[in-house]
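Letter by letter, the chains look like this.
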Amino acid sequence: MSTPTIPELTDRARDVFRIVVESYLDSGLPVGSRTISRISTLNLSPASIRNVMQDLEEHGLLAAPHTSAGRLPTQSGLRLFVDGMMQASEPSPEERAAIEGRAREGGPVEEALANTTAALSGLSACAGMVLVPKREPVLRQFSFVPLGGDRALAVLVGADGSVENRVVDLPGGVAPGALEQATNYISTTFGGLTLGDALARIGREITHERAQLDSAARDLIERGLAVWSEDGGNRPVLIVRGQARLLEDGAAADLERVRQLLDELEGKEEIARLLDSAREADAARIFIGSENKLFALSGSSVIAQPVRAMDGRVVGVVGVIGPTRLNYARVVPMVDFTASTLARILG
């Protein structure tokens, strides 16, 4: 039987269904007919409500976990509610201030992303996630540190204060003076350039013999710059914050599901692919339970939204993961606001 649409439900069925879903999302517990008759203004007897709930169950929108228990929404029911009945509530001024405050904290870009993602995690009671392309740092300082034998440590300090290290294989017979010459040349000549621009410029200068360097120093410079530029634009940065919050929400009653979810969160490459699938969406994408294979075993939901710069470019994806009964009406606008905040950092 196909899942009915909202217009196909009677007014009575729509009201009962909404109450069941909202009560379940609030408490995590099945909802019975007596509870509905007590908290609603439907003016229906428990027997009439049971009949409506039975019809909704036959449509695949509700399910009874036990024979004598109340009903809870199925995955199809949650999808119908989210797509057709949910009334979103905008983040409060305090929530907006908390997200923006963490975004404004100083430090490298990745630190600002991590701080903002942590704020989203705390406010949503979910694990927060953000995926951005690996950004080529703007070079401020560069140095080679001999490691002995035929290797050296290339140390790059970015204009944003970030520090990265790479081990570089040295050509045979490189003198210490060549390391020093290469270090001085890179720092003084390429300061303020991205690595890609620096690599292209040294290539042009060598081609036109404008670089006053011996062959060993030229080789070192090309190796040192290339070791970052080769993978700089191809490795996305995935930041996940707040996994521990998943343990706070009913974990004692559903420990196995939470344990499975934490195991799934270790698959960083799979999470990156999941978030990347939301890049072309116009608004937040919501994956409920088994709609996404990665988190099907734990029965978790993912809300992901692209981060767009002022010119419309997608510069990242931000999202949360939590139980299927998370407060979608509150969390979806919160993810949207976080995406707007991150756009100002990444744009």
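For the structure, check the block above.
What this report covers is the structure whose coordinates are included nearby. Predicted model, so just to flag it, every value in this text is computed and none were measured.

Overview of the overall build of the protein
Along the backbone of the protein there are 12 helices and 10 strands. For the protein, long-range pairs separated by at least 24 residues make up 62% of all intrachain contacts whose partners lie at least 6 apart in sequence. When the accessible area of the protein is evaluated, it comes to approximately 17000 Å², of which 48% is carbon and sulfur surface.

Focus on the side chain of S300
For S300, the location among the structural elements is in strand β9 (residues 300-308). Beyond its immediate chain neighbours, meaning those up to four positions away, S300 contacts R257, L261, F287, I288, G289, F295, I321, G322 and T324.

Section: the environment of S187
In this fold, S187 is placed in helix α7 (residues 176-190). Residues S187 and F142, 45 residues apart in the sequence, show an inter-C-alpha distance of 5.4 Å. With residues up to four places along the chain from it excluded, the contact list for S187 reads Q141 and F142.

Comments concerning the packing of aromatic side chains
As enumerated under the stated definition, the model contains two aromatic pairs in all. When the ring of F142 is compared with that of F144, the centres are 5.3 Å apart and the planes differ by 70°; the resulting orientation is edge-to-face. Ring centres 5.7 Å apart and planes at 80° place the aromatic pair Y185 and F190 in the edge-to-face group. Considered together, Y185 and F190 belong to a single accessibility category, that of buried residues.

A look at the side chain of R71
Relative to the helices and strands, R71 is located in the loop between β1 (62-63) and β2 (72-73). Taking relative accessible area as the criterion, R71 reaches 14% and is therefore assigned buried. For R71, the side chain forms a polar contact with the side chain of E57, separated by 2.7 Å. Here R71 is in contact with V20, P30, V31, M53, Q54, E57, L62, A63 and A64, once residues within four sequence places are set aside.

A closer look at the sheet that holds strand β4 (residues 139-148)
Pairing is antiparallel in the open sheet, where three strands are placed in the order β4-β5-β6. Both edges of this open sheet fall to β4 and β6 (163-169), since each of them pairs with a single strand only. Taking each pair of neighbouring strands and ignoring which way they run, the sheet shows an average axis angle of 20°. As paired elements, β4 and strand β5 (residues 151-158) share eight bridges and run antiparallel to each other. Considered in β5, the bridge of G148 is made with R151. Packing of α7 onto the sheet brings it into contact with β4 and β5, and relative to β4 it is tilted by some 170°.

So, helix α3 (residues 46-58)
End to end, α3 covers 18 Å across 13 residues, agreeing with the expected 18 Å (1.5 Å per residue, within 8%). Of all the positions in α3, only I49, V52, M53 and L56 are classed as buried. Looking straight down α3, one finds that the buried residues subtend no more than 100° of arc, so they occupy a single side. Against the buried residues of α3 lie α1 (11-27), α2 (33-39) and β1. A positive phi of about 85° marks G60, the residue just after α3.

Here's the deal with the pairing of strand β3 (residues 127-132)
Of all six residues making up β3, six are buried, and the element is well covered by its neighbours. Sheet topology places β3 next to strand β10 (residues 314-323); five bridges connect them, and they run antiparallel. For A127, the partnering residue across the bridge sits in β10 and is I321. Alignment of β3 against strand β7 (residues 237-241), held across five bridges, turns out to be antiparallel. Each residue of the ladder has a partner; that of V132, found in β7, is V237.

Things to note about the pattern of salt bridges
Going through the model one piece at a time under the given rule, you end up with 11 salt bridges. A salt bridge links E22 to R18; the nearest nitrogen and oxygen atoms lie 3.3 Å apart. Note that E22 and R18 are positioned in helix α1 at a spacing of four residues, about one turn of the helix. The partly exposed category is assigned to E22, whose relative accessible area is 37%. The class of R18 is partly exposed, set by a relative accessible area of 30%. For D311, the salt bridge goes to R313, with nearest N and O atoms at 2.7 Å. Three or more residues are tied together by salt bridges with common partners; here these are R79, D83 and E291.

The rules we used
Residues numbered from 1 in each chain as written. Predicted model: local features only at pLDDT ≥ 70, side-chain atom pairs only at ≥ 80, totals over all residues. Heavy atoms only, no water. Helix = DSSP H or I, 4+ residues; strand = E, 2+ residues; numbered from the N terminus. Contact = heavy atoms within 4.5 Å. Areas by Shrake-Rupley, 256 points an atom, 1.4 Å probe, with all protein chains shown as cover. Phe/Tyr/Trp six-rings, centres within 6.5 Å; stacked < 30°, edge-to-face > 60°. Buried < 20%, exposed > 50% of the residue type's maximum accessible area, 1.4 Å probe, protein only. Polar contact = N/O pair within 3.5 Å; in protein donor to acceptor, adjacent residues only side chain to side chain. Pairing = 2+ DSSP bridges. Axes fitted to C-alpha atoms, helices over the stretch in contact; angles between N-to-C directions. Expected span 1.5 Å × (residues − 1). Arc of directions from axis to C-beta. Salt bridge = Lys/Arg side-chain N within 4 Å of Asp/Glu carboxyl O.

Taken by themselves, the reported measurements are silent on function.
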